[in-house]
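Examining the three-dimensional arrangement
Here is how the chains run, residue by residue.
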Amino acid sequence: MKKVFAGIGGMATAMLLGLAPAQAQDTIKIGLIMSFSGQFADLGTMMDAGVKLYMKEHGDTIAGKKIEIIRKDSGAAGTAPDVAKRLAQELIVRDKVDIIAGFSLTPDALAAADVFTESKKVAVIMNAATAIITARSPYFARTSIPLPAAMGALGTWAAKTGGAKKTFTMVTNYGPGIDSEIAFQTAFKAAGGEVIGGVRFPVANPDFSAFAQQLKDSKADSVYIFVPGGEQPAALGKALAEHGVTPKTVKIFSSGELVNDEPLKSMGDAALGIISGWSYSWTHKSDTNAKFVKGINEMLNGRNPDQFAVSGYDGMQLIYKALEKTKGNADGDTLIAAMKGLAWESPRGPVSIDPETRDIVQNIYLRRVDTVNGKPQVVEFDKLDAVKDPVKLQLKADGKLNPDGTAK
Amino acid sequence: MIARFVSLLFDGFAYGMLLFVLSVGLSVTLGMMNFVNLAHGAFAMVGGYVAIALMNRMGWPFLATLPVAFLAAALFSVVLERVLYRRLYRATDLDQSLLTIGIVFMSIAIAAYVFGTNQQPVQLPDYLRGRIVLGDFSFGVYRLFLIVSALIITGLMVIGLEYTRFGAQVRACVDNQRMARGLGLNVDYVFMMTFALGSGLAGLGGALAIEPMGLDPNFALKYLVYMLIVVAVGGLASIRGAFFTAGLLGVIDIFSKYYVPWIGGFILYLVMVGLLIWRPNGVFARR
Amino acid sequence: MNAQTPGAAFNPQEVLRAQVRWRALEIIFWVATLAPFVLTPNYLILCSQIAIAALFALSLDLLVGYSGIVSLGHAVYFGVGAYSAGLLAKHGWGEPISGLLFASVVTALVGYLISFIMVRITHFALIMVTVGLCLLFGEIANSLHDVTGGDDGLQGVKMWSIFGIYRFDMFGRTAYVYTLVATFLSFLVLRRIINSPFGLSLRGMRENQRRMPAIGVPMKSRLQVVYVISACFAGLAGALSAQTTQFVALDALSFQRSAEVLVMLILGGAGRLYGGLIGAAMFMVARDQLADMNPQYWYFWLGLLLVIVIIFLPNGILGGLAALIDRVRSRRS
């Protein structure tokens, strides 16, 4: 008898699935694939806040077409790239979207790359930071930060100006971590420094004291750190402080995540003096940024924006500006052509899209944690103008880059 | 050399003690009531968020939030026990897992809705920060605090279970539920109180864990595996087992990550699988 | 077959034969799986992933539902299957069907090795060992970054067309036909195994672990066999996933995936052959629809669904419905 219900269940499934969307001519649909839930939910929250803020400021009509957003959660099953790929396919096949944007994590973007090449749809990467992604499909454009660009700049500065001689590197053991480790080490050595050791820690790692001890025992005069968002920055920062590793004893260089608001609050004064190389902090001084920070504050109950928020904001900005240029034509080839070389004033300063690689070109700021109004805060003290991704420059020099920016 | 060894031992043990406080309640519910409570992490999360809310929104001192975190998680668990868990005491393990996983999912969404998806920053009072230096040796103050707390909790639990009337009742219910009922013990009440106690400890652990482990809505799921490992290796319903196992696992984890970082991630799991094959009822099990 | 009930007019052969016979509803069920081609042609990719999840859940049912072995680490086999199929395709052999066979053989071997551990322990320890092995395999795959791509996932998996004709297309048509056929054929095999004297002895072991050896059933070797079969089909599901998405990520080996497939199985009803299939479909559709409606907080609704199902339909959807029907019937008579 139970088989009756097996049958009915199957039918019900089929019925439930039968909701076909209608299509309209004068709208442009944008599919957002982000991790709205799961381990990286906060990343999605920030990116989406950026997207929402841009649309709030600039309206939902561009070149006479209405913009419609369809949000999809790629965090549904942890970090399952097969989900991200399916969502991309479904957005294109089922929802008939014209543009896709988002991508919290590198594997998500890599898994979906072929879908965009095959369907000729533009995909704007608002976070995933491994250098090589944009070379995997000619329809990718990126508004976040190719990690090696920032980390290479930081490595050079650390050896030349920062006074670091012997360094130890600590990165999370996954694509972006390894990417940034290589970039930092290469640049640091090229500038005359010595790398005396390093460690890569697991993505899920509740306790950092063993690694802090290792750093301490290495007798390095400086350390380079890359950790992704989430609980790791604060946990690592505290473990270092607990083992007596503070910028007073060991020079600490890091990517932007370690000095975002929440880890800074948790670390307190132990963070004073950490040097980071990154493209955005909410403390950046410009009118554009002041307005942006205010907007995000209102949207997220007083929280300050971070890199994820500004990348989401600029991702929408890129889409809007390109659509303006094509007069609302969202055809993949036309749109990506329009995106190439686009330049605008972002809350993080002047940015542009490299016509050769479709990756972002932006300033990398060197910042120090200082006490401002009695609280530790990131303060910019130097910058490098218009930094390009060194990995793709190298590919180009080796003759491994196609004219459309994909790798051979 | 010795200083480094002691330092690693200390760090690992402190980490283990945190795991102990988080897991010991689960050991009790699983072993005593035979209930697969995968929502144990959610109770810990309740404690964590209560502590955070009191500190950051109402300005309470950290230490004062700890008992409230305990009570809040205990209360929350009693409500769930009365409303949902009771119905499934006689159900299969599978049904119990599904129910409690459902509760975990809901708790994650509720936490994200109420507190946002971000990491909750916590700033401890100065007397719990920094480290104590004794010659070559140095110890993190907070870790010391964790160890002391765990020792106090263990002491209280052992005394409570071995030397009080309630403890005797609990042991009676664990060893032979039917007989206990036959002797006129109110088994339901004992269960409820023990369950509340176990969940309260989870809540306390959640509050203590914010500093080293952070707190976000995913907390309910993130550390579930670690809790299960402690319970399985320590042996069900064994406080001593959970204590030693947690300490041991913490030390192994830290040592393997220090000396062999490239394979450090899976030594812990290897040890666990090995121990379970060696002694399936738990390394420190009484039976 | 050893199990004979003495004195009763009960013939186990007859019982098995009755179970082997196809019922009308089963036929309707499988015909209904073709409905998406007509009714929801835009959801074929999701349908193919449901078919894969269903096969995965079915393979787990053999352990959990029929043999009484709860595994919370079944993703080991899914992952091994996925990586074997993916690596084979990456390194030049993209033929799908031979890839499937290759992956299931590799997984069966891994299952065979692991089965020696599995038959030694029981209960909670067994569950935790399965978890531990799953985490262990995940860590190994992560550290073999050069082979597996680590956390970035295995890239460069290029599948050839099936029979050189049917390409894996964007719309998931080929993928759904392919996964559906594979799942159906696997179902036929598993159905036959379950309704054989061997399957009956498994259920015997589930019900009474002492009596079965007493009547001469070699428990350990039977359990090993069932373990290998289960691993083999889980690997097949993993291989299907790798081939249809042309990508493998560490997630294939994760604890999360293990827990999820167990949830699907319990949701549908373990030990009921169709439980895994219904549970997988329900879970995946619910997740997809809820996540679309409420991308941020859909977890809440999914959790609520699980709680409601278990409160009102203990033993899963099929188990609960069966109990409900029994009650209605007995009230009538």
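Residues numbered from 1 in each chain as written. Chains lettered and ligands numbered in written order. Predicted model: local features only at pLDDT ≥ 70, side-chain atom pairs only at ≥ 80, totals over all residues.

On to the overall build of chain B. Looking only at helices and strands, chain B has 12 helices and two strands in total. Radius of gyration (C-alpha) of chain B: 19 Å, near the 19 Å computed for a compact globule of 287 residues. Its C-alpha atoms give chain B principal-axis dimensions of about 60 × 45 × 35 Å. Counting across all 287 residues of chain B, residues that qualify as buried make up 57%. Expressed as a percentage of contacts within chain B between residues at least 6 apart in sequence, the contacts between residues at least 24 apart total 77%. (Helix = DSSP H or I, 4+ residues; strand = E, 2+ residues; numbered from the N terminus. Rg over C-alpha atoms; globule rule 2.2 N^0.38 Å. Buried ≥ 20, exposed ≤ 12 C-beta atoms within 10 Å, placed from the backbone. Contact = placed C-beta atoms within 7 Å.)

Here the focus is the sheet that holds strand 6 (residues 140-142) of chain A. All names here are of chain A. With respect to topology, six strands assemble into an open sheet ordered 2-3-1-4-5-6, the strand pairing being mixed. Lying at the two open borders of the sheet, with one neighbouring strand each, are strand 2 (61-62) and strand 6. Relative to strand 3 (residues 65-73), strand 2 is paired through two bridges, and the arrangement is antiparallel. Across the sheet, Thr61 pairs through a bridge with Lys66, a residue of strand 3. Packing of helix 3 (residues 81-93) onto the sheet brings it into contact with strand 1 (27-34), strand 3 and strand 4 (99-102), and relative to strand 1 it is tilted by some 170°. (Pairing = 2+ DSSP bridges. Axes fitted to C-alpha atoms, helices over the stretch in contact; angles between N-to-C directions.)

Of the residues lining the interface, 36 residues belong to chain B; the matching set on chain C comes to 34 residues. Elements that contribute at least two residues to the side of chain B that touches chain C include exactly helix 4 (93-115), helix 10 (224-234) and helix 12 (264-278) of chain B. With 16 residues, the top contributor of residues to the side of chain B that touches chain C is helix 4 of chain B. Considering only residue class, the side of chain B that touches chain C consists of 29 nonpolar, four polar and three charged. (Nonpolar A, V, L, I, M, F, W, Y, C, P; charged D, E, K, R; others polar.)

Here we take up the pairing of strand 11 (residues 275-278) of chain A. Residue and element names in this part refer to chain A. Along strand 11, one buried face is formed by Ile275 and Gly277 and the opposite face, lined by Ser276 and Trp278, is buried too. Across two bridges, the pairing between strand 10 (residues 251-254) and strand 11 is parallel. Within strand 11, the position partnered with Phe253 by the bridge is Ile275.

Residues and elements named next belong to chain B. Within the fold, Leu9 resides in helix 1 (residues 2-32). Judged by the 15 C-beta atoms lying within 10 Å of it, Leu9 falls in the partly exposed class. When the C-alpha positions of Leu9 and Ile267 are compared, they lie 17 Å apart, and in sequence the two are 258 residues distant.

The next thing to look at is the domain arrangement of chain A. All names here are of chain A. Annotation of chain A at the domain level lists domain 1 (24-145 + 289-353) and domain 2 (148-278 + 363-391). Listed by partner, the interface residues are 15 residues for domain 1 and 15 residues for domain 2. Residue assignment for the side of domain 1 that touches domain 2 shows that the elements contributing at least two residues are helix 2 (41-58) and strand 13 (349-353). Within the side of domain 1 that touches domain 2, the residues separate by chemical class into seven nonpolar, six polar and two charged. (Domains from an automatic or database assignment.)

What follows is about the pairing of strand 4 of chain A. All names here are of chain A. Judged by which residues are buried, strand 4 turns out to be covered on both faces: Ile99 and Ala101 on one side and Ile100 and Gly102 on the other are all buried. Bridge count for strand 1 against strand 4 is four bridges, and the pairing is parallel. Its bridge partner being in strand 4, Leu32 is matched across the sheet by Ala101. Direction of pairing for strand 4 relative to strand 5 (residues 122-125): parallel, over a ladder of four bridges. Across the sheet, residue Ala101 finds its bridge partner in strand 5, namely Val124. Assessed by its sense of winding, the connection that carries the chain from strand 4 through helix 4 (residues 106-119) to strand 5 is right-handed. (Right-handed = clockwise from strand over helix to strand, strands pointing away.)

Further remarks concern the packing of helix 4 (residues 44-64) of chain C against helix 9 (residues 173-194) of chain C. Any two packed helices are characterised by the angle at which their axes cross and by the distance between the axes. Residue and element names in this part refer to chain C. Interhelical geometry of helix 4 versus helix 9 gives an angle of 20° and a closest axis separation of 8 Å. Taken together, helix 4 and helix 9 sit at an angle that is classed as roughly parallel. Crossing handedness for the pair helix 4 and helix 9: left-handed. Side by side, helix 4 and helix 9 meet where Leu44, Ile45, Cys47, Ser48, Ala51, Ile52, Ala54, Leu55, Leu58 and Leu62 of the first sit next to Arg173, Ala175, Tyr176, Thr179, Leu180, Thr183, Ser186, Phe187 and Leu190 of the second. Here the contact of helix 4 with helix 9 is composed, by residue class, of 14 nonpolar, four polar and one charged. (Parallel < 35°, antiparallel > 145°, perpendicular 65-115°, else oblique. Left-handed = near helix turned anticlockwise from the far one by under 90°.)

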